[in-house]
Amino acid sequence: MAGSNQRLFVQAALETREETQAALVALAKREHRRVMQDDPRPSRFVRTVDGARGAREEQVRPDGTIIYVYPRLDEVVQAAMDLLFELSPVLSGAYRMGHTLFVDGVEARNLEAWSGQGQILISNVLPYSRKIELGKMTMRVPGSEHVYEQAEFTLQQRFGNQARIFFTYRGLMGGSVLTSKQGGNKSEYRYPALEIRER
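Caption draft 1: Fine view of the overall build of the protein chain. On a plain count of helices and strands, the protein chain comes out with 5 helices and 9 strands. If you list the helices and strands of the protein chain from N to C, you get α-β-β-β-α-α-β-β-β-α-α-β-β-β. For 199 residues, the compact-globule estimate of 2.2 N^0.38 gives 16 Å, and the C-alpha radius of gyration of the protein chain, at 25 Å, exceeds that figure by more than 25%. Counting only C-alpha atoms and orienting by the principal axes, one finds that the protein chain spans roughly 90 × 35 × 25 Å.

As structure tokens, then:
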């Protein structure tokens, strides 16, 4: 009798296995569509199915998990550019307009080309940007130096749960981020920068 009940249980479990998996896939896809249609709309997402990054939903086990991660770095990058503009000292306006986004080592207008894995950097390659950052220029408005350092603090307060934001110096030349082999460690090529990473 016990063996018969066990066989019935196993048979019932097998019959509902496909239904359970199909219901899980349908639920995941429905909720994912809802997120992708709501404002602010994510520009990209990363899907992980039972621990496999990029796997299709249909590969999930009936008792498995489907996880979507929606990077929101576009918002962080825009806020960083706006804040740097706001904090910048203004004489000719060149410094204020000189903050530049670099995606995966190359100058960019936005995050469209971002792979989701590479580096996001904002810097200013004007020759006097280092002096402004270090407080070695006489400023008309007190407190208008250390622009990138101030921005790091403010952005960490606002977006610290979404992104890691670091104030640093990076080697830059000709619209590209330099590696150490290209002379990226030479002081004449290093400029203040914010590096932005996903959490």
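Read on for the rest.
Caption draft 2: Spotlight on the pairing of strand E7 (residues 163–173). Strand direction decides the pairing type here: E7 and strand E9 (residues 190–198), joined by 9 bridges, are antiparallel. In the sheet register, glycine 171 faces E9, and the bridge partner there is arginine 190. Pairing analysis gives 2 bridges linking E7 to strand E8 (residues 176–177), with the strands arranged antiparallel. Looking across to E8, one finds that methionine 173 is bridged to serine 176.

Caption draft 3: Quick peek at the sheet that holds strand E3 (residues 66–69). The 3 strands lie next to each other as E2-E1-E3, forming an open sheet whose pairing is antiparallel. The outermost strands of the open sheet, each flanked by one partner alone, are strand E2 (52–53) and E3. The sheet contact formed by strand E1 (residues 46–49) and E3 spans 4 bridges and is antiparallel. Bridge pairing links valine 46 to valine 69 in E3.

Caption draft 4: Examining the nonpolar core more closely. Within the largest apolar cluster, 25 residues are counted, with the highest numbers of intra-cluster contacts made by Leu155 and Ile196. Mapped onto this core, the elements with two or more residues apiece are helix H2 (73–87), strand E4 (99–103), strand E6 (120–124), helix H5 (147–159), E7 and E9. A total of 8 residues in this core trace back to one element, the largest contributor, which is H2. Ignoring sequence-local partners within four residues, the contact set of leucine 155 consists of Ala79, Ala80, Leu83, Gly160, Ile165 and Leu194.

Caption draft 5: Quick look at the environment of leucine 134. Note on placement: leucine 134 falls in helix H4 (residues 129–134). The exposure class of leucine 134 is partly exposed, given its relative accessible area of 46%. Setting aside chain neighbours within four positions, we find leucine 134 in contact with His146 and Tyr169.

Parameters and conventions
Residues numbered from 1 in each chain as written. Predicted model: local features only at pLDDT ≥ 70, side-chain atom pairs only at ≥ 80, totals over all residues. Heavy atoms only, no water. Helix = DSSP H or I, 4+ residues; strand = E, 2+ residues; numbered from the N terminus. Rg over C-alpha atoms; globule rule 2.2 N^0.38 Å. Pairing = 2+ DSSP bridges. Core = buried A, V, L, I, M, F, W, Y, C linked by side-chain atoms within 4.5 Å. Buried < 20%, exposed > 50% of the residue type's maximum accessible area, 1.4 Å probe, protein only. Contact = heavy atoms within 4.5 Å.

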